[in-house]
Amino acid sequence: MNARLYVIPGSHPSVAVQLMLEHKGIPYKRKDLMPVVSKGVLRAVGFPGITVPALKIEDEKIQGSRQIARTLDRLRPEPPLLPTDPEQRKAVEEAERFGDEELQHPIRQLLWWGFKHDRYPMASYSEGAKLGVPIGLAVKTGGPLVALSARFNDASDENARAALAKLPALLDRVDALIADGTINGPQLNAADFQIAPSIGLAMTLDDLRPLIENRPAAELARRLVPNYPGKMPPVLPAEWLDPLAGTKRV
Ligand SMILES: N[C@@H](CCC(=O)N[C@@H](CS)C(=O)NCC(=O)O)C(=O)O
């Protein structure tokens, strides 16, 4: 099978699709793109949308981590990403939807808010990536690119603060999905691959890790993405973080 995956280094849905391809045993070539520049490249190679993950497989071009999961199950049914039992499938699809539509974006907004205030940690998220330019130079000259990406992701102060306030409830939901066996079971599924990278990415932020590390959600991330690249030193304002202190699990 001929597969090429377009990613932005550090992108959590891109990591999700990498995990799915590995789970299926489908070899693939990875093309690393810089944020913003990625949009033009994806259009130039014929994708209809402007976001990663974008997968060219056989003669199909698919974007969106959930759409890609379904395409992979169609092209290579075993091992399945979605269970065949209707009840289980419904639960996994709902967990996957939650991961995509509710969990991904607040974490993305917090990351871009962080880069807006200190872009030098960006280099650590590109460890091992082949961007075609030295990463140090890309980061040094990357102010306008960070500003554009932060705007594209609506990472304003107001939205980042709201994203942070939502985090404990989102983590509770992940813990509940683990407790009821929808995810982190013996057989990994599309929801595991969707959710674990978001938790893994959140844990690269020094400000967020203490809120996560003692939760079952962290065990899922450590199982699936033990070496998530990147490290963001503390950057979020104390007055945003203080109200969350009581939500830490000890
Ligand atoms: N929910 C979509 C998210 C796609 C998305 O927003 N991807 C981001 C990277 S995580 C992107 O391509 N951003 C473009 C940019 O930052 O320039 C999915 O799961 O595929």
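Quick look at the structure, then.

How each quantity is defined
- Residues numbered from 1 in each chain as written.
- Predicted model: local features only at pLDDT ≥ 70, side-chain atom pairs only at ≥ 80, totals over all residues.
- Heavy atoms only, no water.
- Pairing = 2+ DSSP bridges.
- Helix = DSSP H or I, 4+ residues; strand = E, 2+ residues; numbered from the N terminus.
- Buried < 20%, exposed > 50% of the residue type's maximum accessible area, 1.4 Å probe, protein only.
- Right-handed = clockwise from strand over helix to strand, strands pointing away.
- Contact = heavy atoms within 4.5 Å.
- Axes fitted to C-alpha atoms, helices over the stretch in contact; angles between N-to-C directions.
- Parallel < 35°, antiparallel > 145°, perpendicular 65-115°, else oblique.

Quick notes on the pairing of strand E4 (residues 60–63)
Of the strand pairs in this sheet, strand E3 (residues 54–57) and E4 are connected by four bridges, and their pairing is antiparallel. Each bridged residue has a counterpart across the sheet, and for Lys56 the counterpart in E4 is Lys61. Two successive antiparallel strands, E3 and E4, enclose a turn made up of two residues, where Glu58 displays a positive phi of approximately 50 degrees.

Structural notes on the pairing of strand E1 (residues 3–7)
Each regular strand carries side chains that alternate between the two faces of the sheet. Most of E1 is tucked away, with four of its five residues classed as buried. Across four bridges, the pairing between E1 and E3 is antiparallel. Among the inter-strand pairings, Arg4 is bridged to a residue of E3, identified as Lys56. As paired elements, E1 and strand E2 (residues 29–32) share four bridges and run parallel to each other. In the strand pairing of E2, Arg4 is matched with Lys29. For the crossover that starts at E1, traverses helix H1 (residues 12–24) and ends in the parallel E2, the hand is right-handed.

Quick look at the environment of Glu213
Topologically, Glu213 is positioned in the loop between helix H10 (209–212) and helix H11 (216–224). Spatially, the C-alpha atoms of Glu213 and Leu131 are 31 Å apart, while their sequence positions differ by 82 residues. Excluding its chain neighbours within four sequence positions, the residues that come into contact with Glu213 are Met203, Ala218 and Arg222.

Considerations on the packing of helix H3 (residues 65–75) against helix H4 (residues 86–117)
As a packed pair, H3 and H4 sit with axes 10 Å apart at the nearest point and diverge in direction by 150 degrees. Viewed along their axes, H3 and H4 adopt a mutual orientation that is roughly antiparallel. Contact residues: Ser65, Arg66, Ala69 and Arg70 in H3; Glu93, Glu96, Arg97, Asp100, Glu101 and Gln104 in H4.

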